[in-house]
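An overview of the molecular structure
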Amino acid sequence: MNLILDGHHYKYELESLANMFFHENKVRVVTEKDFSQAEYLYTYFFPEPDGTVSLKVVTKLDQKLREEEFRGRPGENDLDRFCEYHLCRMLYRQLEDATGISLAWGMLTGVRPVRLIYRYRERGMDDGQIRKHLHRDYFVTDEKIDLLLRTADKEKAILDLSRPESFSLYISIPFCPSRCNYCSFVSHSIERAKKLIPEYVALLIREIEYVAPIVQMLGLRLETVYFGGGTPTAIPSDLLEQIICTIERHFNLSHLREYTVEAGRPDTITLQNLEMLKRKGVTRISINPQTMNDTVLEQIGRRHTAAQTVEAFQMARQAGHRNINMDLIAGLTGDSLESFCHTVDQVIAMAPENITLHTLSVKRSSRLGQHAKDFYLQEHQRVTDMLSYAGRRFYQEQYRPYYLYRQKNTMENMENVGYCKEGKEGYYNVYIMDETHSIIALGAGGVSKLRRPGGTLLHRIFNYKYPYEYIERFDMVLRRKDEIIAFYRQTE
């Protein structure tokens with residue numbers, strides 16, 4: 001479907017907004033005025049001689065034309081924001097009418113909507129004014145506004161702990177027992193990549209040893225360590241312990257607020273590795289069922305059962321772990337509302353300190369015909385009801401949201417939210433999403449995001465994506481880490 005831009009350059013927001021309604025039927029942005037297509041989205045801008053601007057949106061969808069015009073005078077230095085907002089507003093209303101779907105987040109397209117709360121509060125707006133503004137001007141539902149306000153209250157306290165010299169360390173272990181059918185991370189099944197693991201670990205240790213003197217020389221202060229992947233506990237326990245011991249030897253951990261290892265898949269968890277993690281000072285682990293429905297687990301490519309999740313959780317408690325996160329996903333293939341609600345209740349009954357709720361990114365029908373519209377509405381309601389139920393139950397059981405982000409192509413453009421018991425927030429999750437301070441990422445697929453003390457400039461350093469690339473081109477991996485020194489020695 002063509003999105004036609006006539007007389008303006010407001011591509012990004014209009015395209016993002018349109019794609020929220022047509023996930024798989026990706027919108028193609030064009031400037032040629034071709035109205036012969038069966039479906040199109042036309043957006044028009046024209047400046048009038050008296051300083052006003054004329055804006056128009058015309059859509060042809062499902063064999064029906066919709067049209068809306070707006071004329072107004074933007075404030076000084078406000079032309080782009082003024083025009084972009086009103087074009088998006090008209091386009092949203094027409095797409096809402098065409099599809100029958102009112103998006104819970106309304107017109108908001110950003111990854112980090114909670115930042116709006118900070119911005120509005122800095123301008124002196126109280127929560128009542130913020131609520132009115134988001135609902136009236138951006139069509140955000142009261143439920144999502146509540147979520148934003150609650151998240152901002154918790155998250156801000158974590159952000160304020162970060163100091164100019166703070167940084168976090170991410171360690172990538174890109175191996176899993178099997179690959180889930182929804183996974184977008186760089187991960188290799190143990191069966192296919194087992195022979196790479198010893199060499200990968202040896203080189204990862206070298207990368208750790210190479211970076212440690214750099215951060216020491218720059219006077220950086222390590223706040224959090226996070227092992228992700230993949231599934232870190234998928235590799236042999238002795239190799240995982242070697243990596244942890246290397247960090248312990250080469251980094252100053254005296255200021256550490258949090259040490260997280262994603263135990264992740266229940267079928268990789270043993271009492272031995274749980275006890276090792278506890279002994280080595282890991283303060284937070286994840287045991288991620290995604291669902292407690294065995295049929296759904298099989299459909300998504302997981303090789304464990306719900307009973308194994310319960311067993312792994314009980315072993316973690318036995319090993320002394322008192323800060324456990326569990327991940328759930330709303331919208332999994334084959335998962336009904338009833339089944340999802342049962343999963344939420346089972347996980348709450350285990351009483352983990354953290355529960356992270358993700359919304360699945362799924363493929364959609366590419367046509368707007370009647371069957372597709374019915375499908376949209378059905379799926380929209382299912383996922384909306386799942387998230388609403390989970391939010392209510394978490395709140396009832398004293399879990400509070402502390403970080404939130406949205407991803408493109410997520411089902412119904414919904415959110416991923418971290419909930420926790422009081423005092424059990426996951427610091428790394430907040431720092432990586434807010435880009436508060438530098439994240440130095442080591443291992444295959446790691447992306448370091450550098451933020452200089454007192455500055456706003458961000459610089460990314462990419463490691464090679466796949467383990468075999470990381471191994472084959474390791475010398476370049478180390479050379480790229482020298483960019484850390486150059487970045488911190490720059491002036492703003």
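Residues numbered from 1 in each chain as written. Predicted model: local features only at pLDDT ≥ 70, side-chain atom pairs only at ≥ 80, totals over all residues. Heavy atoms only, no water.

1. Some details on the overall build of the chain
As a reminder, the rule being used: Segments assigned H or I by DSSP are reported as helices when at least four residues long, segments assigned E as strands when at least two residues long, and all are numbered from the N terminus. Computation of the radius of gyration draws on C-alpha atoms, with the globule rule given as 2.2 Å multiplied by the number of residues to the power 0.38. The rule is simple: take the accessible area with a 1.4 Å probe, protein chains only, and divide by the maximum for that residue type; under 20% is buried, over 50% is exposed, in between is partly exposed. Contacts were defined at the residue level, with two residues in contact if any of their heavy atoms lie within 4.5 Å. Surface accessibility in these figures is a Shrake-Rupley result with a 1.4 Å probe; residues are shielded only by whichever protein chains are displayed. Two residue types count as positive, namely Lys and Arg, and two as negative, namely Asp and Glu; His and chain ends fall outside the count. Where a charge sits is defined by one atom per residue type, namely NZ (Lys), CZ (Arg), CG (Asp) or CD (Glu).
Looking only at helices and strands, the chain features 17 helices and 18 strands. The C-alpha atoms of the chain give 24 Å as radius of gyration, which agrees with the globular expectation for 492 residues (23 Å, within 12%). Dimensions of the chain along its principal axes, counting C-alpha atoms only, are 70 × 55 × 45 Å. A total of 492 residues make up the chain; the buried ones form 58% of that total. Partitioning the intrachain contacts of the chain with sequence separation of at least 6 by distance along the chain shows that 73% fall at a separation of at least 24. When the accessible surface of the chain is split by element, carbon and sulfur atoms take 48% of a total near 21,300 Å². When the 65 basic and 66 acidic side-chain charges of the chain are each reduced to a single mean position, those positions are 2 Å apart.

2. Considering the pattern of salt bridges
For side chains of opposite charge, pairing can occur when their charged atoms come near one another. The test is simple: We define a salt bridge as a side-chain nitrogen of Lys or Arg found within 4 Å of a carboxyl oxygen belonging to Asp or Glu.
Taken as a whole and judged by the stated rule, the model has 31 salt bridges. Notably, a salt bridge pairs K154 with E425, separated by 3.4 Å at the nearest N-O pair. Placement of the pair is K154 in helix α5 (residues 142–159) and E425 in the loop between β15 (415–420) and α14 (427–434), with a sequence separation of 271 residues. By the burial criterion, K154 is buried, and E425 matches it. We note a salt bridge from E435 to R460, for which the minimum N-O separation is 3.2 Å. You can see E435 sitting in the loop between α14 and β16 (438–442) and its partner R460 sitting in strand β18 (residues 458–462), a full 25 residues away along the chain. Bridged by salt links that share partners, the residues R112, R115, E155 and D434 form one connected network.

3. Digging into the environment of I158
Within the secondary structure layout, I158 lies in helix α5. Placed 82 residues apart in sequence, I158 and E76 show a C-alpha to C-alpha distance of 37 Å. Apart from the residues within four sequence positions on either side, I158 is in contact with Y402, E425, Y427, V430 and Y431.

4. Thoughts on the packing of aromatic side chains
The criterion, for reference: Geometry of aromatic contacts follows a simple scheme: Phe, Tyr and Trp rings, the Trp one being its six-membered ring, pair when their centres are within 6.5 Å, and the pair is stacked under 30 degrees between planes, edge-to-face over 60, tilted otherwise. We call a charge positioned above a ring when the Lys NZ or Arg CZ atom is no farther than 6 Å from the ring centre and deviates by at most 35 degrees from the ring normal.
Under the definition given, this model contains 21 aromatic pairs. Relative to F82, the ring of F70 has its centre 6.0 Å away and its plane inclined at 50°; by these criteria the two rings are tilted. Of this pair, F70 sits in strand β5 (residues 64–72) while F82 sits in helix α2 (residues 79–99); the two residues are 12 residues apart in sequence, bridging distant segments of the chain. Taking the relative accessible area as the measure of exposure, F70 reaches 28% and is therefore partly exposed. Owing to a relative accessible area of 15%, F82 belongs among the buried residues under this scheme. Relative to Y226, the ring of Y170 has its centre 6.1 Å away and its plane inclined at 15°; by these criteria the two rings are stacked. In this pair, Y170 is assigned in strand β6 (residues 166–173) and Y226 in strand β9 (residues 221–229), connecting sequence segments 56 residues apart. You can call Y226 buried: its relative accessible area is 7%. Lying across the ring of Y395, R150 places its NZ or CZ 4.1 Å from the centre.

5. Observations regarding the sheet that holds strand β1 (residues 2–6)
Strand pairs in the sheet, formed through backbone hydrogen bonds, run parallel or antiparallel to each other. Test applied: For two strands to be treated as a pair, DSSP must find no fewer than two bridges joining them. Axes here mean lines fitted to C-alpha atoms, for a helix over just the part in contact, with angles spanning 0 to 180 degrees between N-to-C directions.
Taken together, 5 strands build an open sheet; the order of strands is β2-β1-β3-β4-β5 and the sheet is mixed. If you trace the sheet from one side to the other, it starts and ends with β2 (28–30) and β5, each paired once. Taking each pair of neighbouring strands and ignoring which way they run, the sheet shows an average axis angle of 15°. Sheet analysis places strand β4 (residues 53–61) next to β5, joined by 9 bridges and oriented antiparallel. Across the sheet, T59 pairs through a bridge with R66, a residue of β5. Contacts from helix α1 (residues 11–21) reach β1, β2 and β3 (40–47), with the element oriented near 155° to β1.

6. Examining the side chain of S172
Note on placement: S172 falls in strand β6. Excluding residues within four positions of it along the chain, S172 makes contact with Y200, L204, G228, L442, G443 and A444.

7. A closer look at the nonpolar core
Under the convention used in this document: Only buried Ala, Val, Leu, Ile, Met, Phe, Trp, Tyr and Cys residues count toward a nonpolar core, and they belong to the same one when joined by side-chain atoms within 4.5 Å.
Of all hydrophobic cores here, the largest spans 115 residues; its most connected members are L134, L169, I171, F227, I243, F251 and F394. Considering every element that reaches this core, the biggest residue donor is helix α7 (residues 197–218), with 11 residues. The residues contacting F394, other than those within four sequence positions of it, are L328, V344, I348, I355, L357, Y399, R400 and Y419. Counting 30 residues, the second-largest nonpolar core is a separate cluster that includes M20, V27, L61 and C83.

8. Quick word on the pairing of β1
Burial of β1 is extensive: 5 of the 5 residues sit out of reach of the surface. Neither face of β1 is left uncovered, since the one carrying N2, I4 and D6 and the one carrying L3 and L5 both have all their residues buried. Pairing geometry for β1 and β3, over 5 bridges, is parallel. Bridge pairing in β3 links L3 to L41.

9. Some points on the side chain of S162
The condition is simple: N or O atoms within 3.5 Å of each other form a polar contact, as long as, within protein, one can give a hydrogen and the other can take it, and as long as residues adjacent in sequence are counted only when both atoms are side-chain atoms.
Mapping S162 onto the fold places it in the loop between α5 and β6. Within polar-contact distance, the side chain of S162 engages the side chain of H437 at 2.8 Å. Apart from the residues within four sequence positions on either side, S162 is in contact with Y431, T436 and H437.

10. Focus on unusual backbone geometry
Leave glycine aside and you will find that most residues have negative phi; peptide bonds, for their part, are mostly trans. A cis amide bond, omega 15°, links G229 with the succeeding residue G230. Phi is positive for D62, which is not a glycine, with a value near 55°. Mapped onto the elements, D62 comes out in the loop between β4 and β5. Relative accessible area serves as the criterion here: at 32%, D62 is assigned to the partly exposed category. Positive phi is not limited to glycine here, since F139 has a value of about 65°. Looking at the element boundaries, F139 is found in the loop between α4 (127–138) and α5.

11. Some words on the packing of α7 against helix α16 (residues 474–481)
Note the following rule: Geometric relationships in this document are graded by angle, where less than 35 degrees denotes roughly parallel, more than 145 denotes roughly antiparallel, 65 to 115 denotes roughly perpendicular, and other angles denote oblique. Crossing chirality is assigned from the near helix's rotation relative to the far helix, an anticlockwise turn below a right angle marking it left-handed and a clockwise turn marking it right-handed. Residue type decides the class: Asp, Glu, Lys and Arg count as charged, Ala, Val, Leu, Ile, Met, Phe, Trp, Tyr, Cys and Pro as nonpolar, and the leftover types, Gly among them, as polar.
The contact between α7 and α16 brings their axes to 10 Å, and the two run at 20°. Taken as axis vectors, α7 and α16 run roughly parallel relative to one another. Read as a crossing pair, α7 and α16 show a hand that is right-handed. Where α7 abuts α16, its residues L203, R206, E207, Y210, V211 and I214 lie against F474, V477, L478 and K481. For the contact of α7 with α16, the per-class residue count stands at 7 nonpolar, no polar and 3 charged.

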